[in-house]
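Letter by letter, the chains look like this.
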Amino acid sequence: MTLDVVKYAINRITKTNPELGKPKTEAELRMLVGETVTDNGIGGEKAFELFRDVLAKATVPIDHPRHLAFVPAAPTRAAILFDLVTSASSIHGAYWMEGAGGIFCENEAMQWLVSLTGMPKPAFGVFTSGGTAANLSALVAARVKWRKEPANENIKGLMITSVGAHSSIKAMAKVMDVDVLLVETENAMTCTALQVLINGLDAIQRARVFAVVATGGTTNAGIIDDLSGVADVCEKEQLWFHVDAAYGGGALAATSVRHLFNGIERADSVTIDPHKWLFSPYDCGAVLYKNPEEAKEAHSQEGSYLEIFKDEGAHGFNPSDYQIQLTRRLRGLPLWYSLATHGTEKYAWAVEEGIKLANTAGKLISAHPLLELVREPSLSCVLYRRKGWTPDDYRNWTYKNHEAGFALVTPTKWKTTDGYETVSRFCFINPDTTEQDIVAILKSME
Ligand SMILES: Cc1ncc(COP(=O)(O)O)c(C=O)c1O
């Protein structure tokens, strides 16, 4: 059984062009596998066979080189292997007392992330389950700080972001029961637009604002807000400045685009997802704080059973003090091992490959008589239209390519002067994607 599982894992890790699986309905899957959880068990061999031969084939491998939808991923082999080691090691990653050696490794990787942002000492952070949890952790810390002012104790908070911000910002605002105001642009949020919105608030609304969320690489189009300008406004208005670089943060490692993020070093908090553009397996996000003590005030949990962890004898960095989760997997370990294996230069190279692929796609689209760029490629995102296509055409084309096991490229919408236009979108992460892959996908639109 162990050999079967390890053999499967090795085969899957070494396959750079895995089958592009397709979903089946629950009824179809039920018919194929029958009951799997029974009184006496169906046996490991049978269960594994069902997973390998039926269920895994009804999933889409996100590291397929022609999976260019949403934000794909491309975890390194080293990182995946170490994900296995992380599971096998059974380490509790909440407190130094239990997880010291593992937390040490996570912190090595975290130090690199902090250095990419240029945030000054004592900036530091922790790994989270993803960008959503990182954004929530940061914004909760922001509100706790704001609520320290007695006048703010009982009023509902308000945060400002832009139309281009990720859906998780609005979703987490609901979790926190705060309101959101949007700067009405899907292009870069500028300091002027932000200031105009703030100036337009009445005194009661203005008093409710506690944070501004800028985006360091929008999910839809890879657009980076004017981070320096937003930092200036936040400084002047005394607002918490959060940068959601969940997707784009990997590009901090790429010298060709690093200047676009200038100003990120002034943020109070930053989200970067290693499971997006830093080649880590799911799930691994990260939240970084300018002043980690502020996060600790918000997140450190109290309980008689937890007191020993705070004791001098158990002293060390406790990841649970800086984000919303208590018991946690050491999810930064795969990133650490992969970084230690390959070195940071290799990471810079791999991220630059994604940017190059986007630029290559941009050139191929511009040269194609039936295709047109909606906007210049930004980071590793490309929005383009197939002249004459309706939203149905884009949808049918997506299904056809997926059905054929050829590619997964999904449509999105882009705001125009009179509404929203359905367009096609590439997001490149995987350095194994080739120019031939792009040519073949574009050809399928002819
Ligand atoms: C900019 C941005 N923020 C946040 C998220 C949410 O991250 P997660 O899905 O890891 O929770 C995403 C996901 O695509 C994103 O692109």
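Refer to the structure presented above.
This text gives an overview of the structure that appears in the document.

Definitions and limits used
Residues numbered from 1 in each chain as written. Predicted model: local features only at pLDDT ≥ 70, side-chain atom pairs only at ≥ 80, totals over all residues. Heavy atoms only, no water. Helix = DSSP H or I, 4+ residues; strand = E, 2+ residues; numbered from the N terminus. Buried < 20%, exposed > 50% of the residue type's maximum accessible area, 1.4 Å probe, protein only. Phe/Tyr/Trp six-rings, centres within 6.5 Å; stacked < 30°, edge-to-face > 60°. Contact = heavy atoms within 4.5 Å. Near = heavy atom within 4 Å. Polar contact = N/O pair within 3.5 Å; in protein donor to acceptor, adjacent residues only side chain to side chain. Areas by Shrake-Rupley, 256 points an atom, 1.4 Å probe, with all protein chains shown as cover.

## Examining the environment of Met31
Inference 1: Mapped onto the elements, Met31 comes out in helix α2 (residues 26–33).
Inference 2: Of the residues examined, Met31 reaches a relative accessible area of 71% and is grouped as exposed.
Inference 3: Considered as a pair, Met31 and Ile80 are 49 residues apart in the sequence and their alpha carbons are 32 Å apart.

## Remarks on the packing of aromatic side chains
Inference 1: Taken as a whole, this structure holds 16 aromatic pairs when the rule is applied.
Inference 2: A centroid spacing of 5.4 Å and a plane angle of 10 degrees characterise the contact between Tyr247 and Trp277, whose relative ring orientation is stacked. In this pair, Tyr247 sits in the loop between β5 (240–245) and β6 (269–272) while Trp277 sits in helix α11 (residues 274–277), placing the two residues 30 residues apart along the sequence. Of the two residues, Tyr247 and Trp277, neither departs from the other in class, the shared state being buried.

## A look at the side chain of Asn135
Inference 1: When you line up the elements, Asn135 lands in helix α6 (residues 131–147).
Inference 2: Setting aside its immediate chain neighbours within four residues, Asn135 contacts Ser168, Ile169, His242, Asp244 and Thr271.

## Overview of the site of the ligand
Inference 1: Taken together, 13 residues lie near the ligand, and Gly131, Thr132, Thr219, Asp244 and His275 sit nearest.
Inference 2: Here Thr219 contributes a side-chain N or O atom positioned 2.7 Å from an oxygen atom of the ligand.
Inference 3: Within the complex, 83% of the 390 Å² of free accessible area of the ligand lies under protein.
Inference 4: If you list the elements that add at least two residues to the shell around the ligand, you get α6 and α11.

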